Amino acid sequence: MSALTELERRAHAELAACVDAAALRMWHTKYFGDTGAVKLALAQIGKVPKEQRAEYGKEANRVKDALAIAFDAALVKEKDRALERSLTEEVVDVSMPGRNIERGRLHLATRTLREIYSIFADMGFQVYRTREVETDEMNFELLNMPPHHPARDMWDTFHTTTPGVLLRTHTSPGQIHVMREMAPKPVRAILPGMCFRYEQITTRSEIMFQQVEGLAVDQGISMGDLKGAIQAFARRLFGQERKIRIRSSYFPFTEPSIEVDVDCIVCRGKGCGLCKRTGWLEIMGAGLVHPAVLRNGGYDPAKFSGFAFGMGPQRVALLRHGIDDIRLFWGNDLRFLCQF
Ligand code: PHE
């Protein structure tokens with residue numbers, strides 16, 4: 001009996017001295033493990049003389065229950081202490097600003113293109129994509145420029161190692177692709193995409209740039225339709241009060257050919273740095289599709305006519321946002337890209 005009393009006293013004292021969960025586990029093994037002190041004390045019951053056995057057994061079980069309860073209580077207390085420790089020692093400053101998630105966005109060039117698409121979509125134009133690597137035939141010959149035609153000088157060209165295959169210098173070869181697919185049905189399409197020219201890279205010219213070609217082919221299409229479409233487009237993009245000006249020009253694949261200006265969006269025609277004191281900004285080349293080109297596309301020029309235009313969407317963005325260096329478009333400098 002005195003051994004039980006001693007066991008209980010020692011167990012309580014050691015339990016009270018446990019400072020963490022590991023110590024508690026060790027205590028538990030020492031007293032309640034398979035060879036633990038409590039187990040051993042219980043095993044003694046059978047060996048105690050008969051007349052003391054009942055009393056010893058009762059006491060042994062009482063000690064066992066008391067220690068088990070004390071252990072559970074100590075475990076709960078230790079859990080509270082651990083939580084307390086983690087709250088004070090590993091402080092989380094909930095007032096600290098969170099980490100920002102970098103959000104991507106569409107490139108200015110893409111955004112400008114999409115704006116142009118939606119304006120022309122409202123006028124019934126579909127977006128049509130054509131290849132960037134073209135044949136000499138598509139890029140030049142079928143557009144009314146036979147080999148050695150002097151007009152080819154307007155487009156400095158990247159040639160591939162395969163003779164007759166080149167990087168398109170403009171989106172105009174797409175006109176032939178669309179017409180050949182659609183003929184003899186009417187066409188109303190815009191053709192966006194990358195173009196390439198073997199040029200010196202400056203603030204105003206790049207070796208790669210986007211164009212948006214427009215093409216309408218039907219019976220009875222006139223210069224008036226072209227002017228109306230361009231006027232409507234310019235006003236939607238640059239503002240309702242915009243005026244357009246049409247100058248005579250030359251392209252081998254249109255006849256007559258024109259160049260289109262809008263009155264300067266900064267000075268409204270008075271003359272400033274952006275428009276180089278002219279009051280006008282050039283936005284596109286255009287014209288009525290040349291009969292030879294219509295024929296190459298599969299249309300009879302006696303019945304069909306059409307208009308075409310070509311513009312540089314980056315130039316459009318340049319003008320609208322007052323950007324002074326076209327190289328910024330493909331330079332991938334986030335300081336530039338994040339502004340839009
Ligand atoms: N392809 C011409 C260029 O790149 C632009 C253009 C397109 C002109 C369609 C007239 C008609 O300069």
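To be clear, the structure that these remarks concern was listed above.
Quick caveat, the model's predicted, so the values are computed rather than measured. (Residues numbered from 1 in each chain as written. Predicted model: local features only at pLDDT ≥ 70, side-chain atom pairs only at ≥ 80, totals over all residues. Heavy atoms only, no water.)

S.K.: Which residues make up the environment of V178, and what are the values?
M.R.: In this fold, V178 is placed in helix 7 (residues 173–182). As for V178 and R188, which are separated by ten residues in sequence, their C-alpha atoms are 9.5 Å apart. Once residues lying within four places of it in the same chain are set aside, the contact partners of V178 are Y128, V187, A189, L191 and L215. (Helix = DSSP H or I, 4+ residues; strand = E, 2+ residues; numbered from the N terminus. Contact = heavy atoms within 4.5 Å.)

S.K.: Describe the side chain of S172, naming the residues involved and giving the relevant values.
M.R.: Along the chain, S172 turns up in the loop between strand 3 (165–167) and helix 7. Relative accessible area serves as the criterion here: at 4%, S172 is assigned to the buried category. Residues within four places of S172 in sequence aside, it is in contact with L143, E213 and F253. (Buried < 20%, exposed > 50% of the residue type's maximum accessible area, 1.4 Å probe, protein only.)

S.K.: Tell me what's going on with the site of the ligand, and back it up with residues and numbers.
M.R.: Neighbouring the ligand are 15 residues, the closest being H170, S172, R197, Q211 and E213. At 2.9 Å from a nitrogen atom of the ligand is found a side-chain nitrogen or oxygen belonging to S172. Measuring from an oxygen atom of the ligand, one finds a side-chain N or O atom of Q211 at 2.9 Å. Protein coverage of the free-state accessible area of the ligand, which is 330 Å², stands at 92%. A breakdown of the residues in the shell around the ligand according to their chemical character gives six nonpolar, seven polar and two charged. (Near = heavy atom within 4 Å. Polar contact = N/O pair within 3.5 Å; in protein donor to acceptor, adjacent residues only side chain to side chain. Areas by Shrake-Rupley, 256 points an atom, 1.4 Å probe, with all protein chains shown as cover. Nonpolar A, V, L, I, M, F, W, Y, C, P; charged D, E, K, R; others polar.)

S.K.: A description of helix 1 (residues 2–17) should follow, citing residues and the corresponding values.
M.R.: For helix 1, spanning 16 residues, the distance from its first C-alpha to its last is 23 Å, which sits close to the expected 22 Å at 1.5 Å a residue. For helix 1, every residue scored as buried is listed here: L4, L7, E8, A11 and L15. The arc that holds the buried residues of helix 1, viewed along the axis, is 95°, so those residues lie on one side. When the buried face of helix 1 is taken as reference, the exposed residues oriented beyond 90 degrees from it are S2, A16 and A17. Residues of helix 1 that are buried in the fold lie against helix 2 (21–32), helix 3 (37–43) and helix 4 (50–89). (Expected span 1.5 Å × (residues − 1). Arc of directions from axis to C-beta.)

S.K.: I'd like a description of the state of the cysteines, backed by residues and values.
M.R.: This model, assessed by the stated rule, comprises zero disulfides. Here C275 stays unpaired: no disulfide links it, and the sulfur of C267, its closest cysteine neighbor, is 3.6 Å away. (Disulfide = S-S within 2.5 Å.)

S.K.: So what about the environment of D333? Which residues, and what values?
M.R.: When you line up the elements, D333 lands in the loop between helix 10 (313–321) and helix 11 (334–337). Overall, D333 belongs to the partly exposed group, its relative accessible area being 25%. Put simply, D333 and E132 are 201 residues apart on the chain and 25 Å apart in space, counted from C-alpha to C-alpha. Of note is the side chain of D333, whose polar atom sits 2.7 Å from the side chain of R335.

S.K.: Which residues make up unusual backbone geometry, and what values go with them?
M.R.: Residue P184 follows A183 across a cis peptide bond; omega there is 5°. Relative to the assigned elements, P184 resides in the loop between helix 7 and strand 4 (187–196). At the junction of E255 and P256, the peptide bond is cis and its omega measures out at -5° in the coordinates. Phi is positive for R268, close to 55°, though the residue is something other than glycine. Following the sequence through the fold, R268 ends up in the loop between strand 7 (254–263) and strand 8 (280–289). Note on R268: relative accessible area 51%, which makes it exposed. Residues other than glycine seldom take positive phi values, yet K276 does so here, at roughly 50°.

Everything listed here is a matter of coordinates, which is why it stays silent on function.
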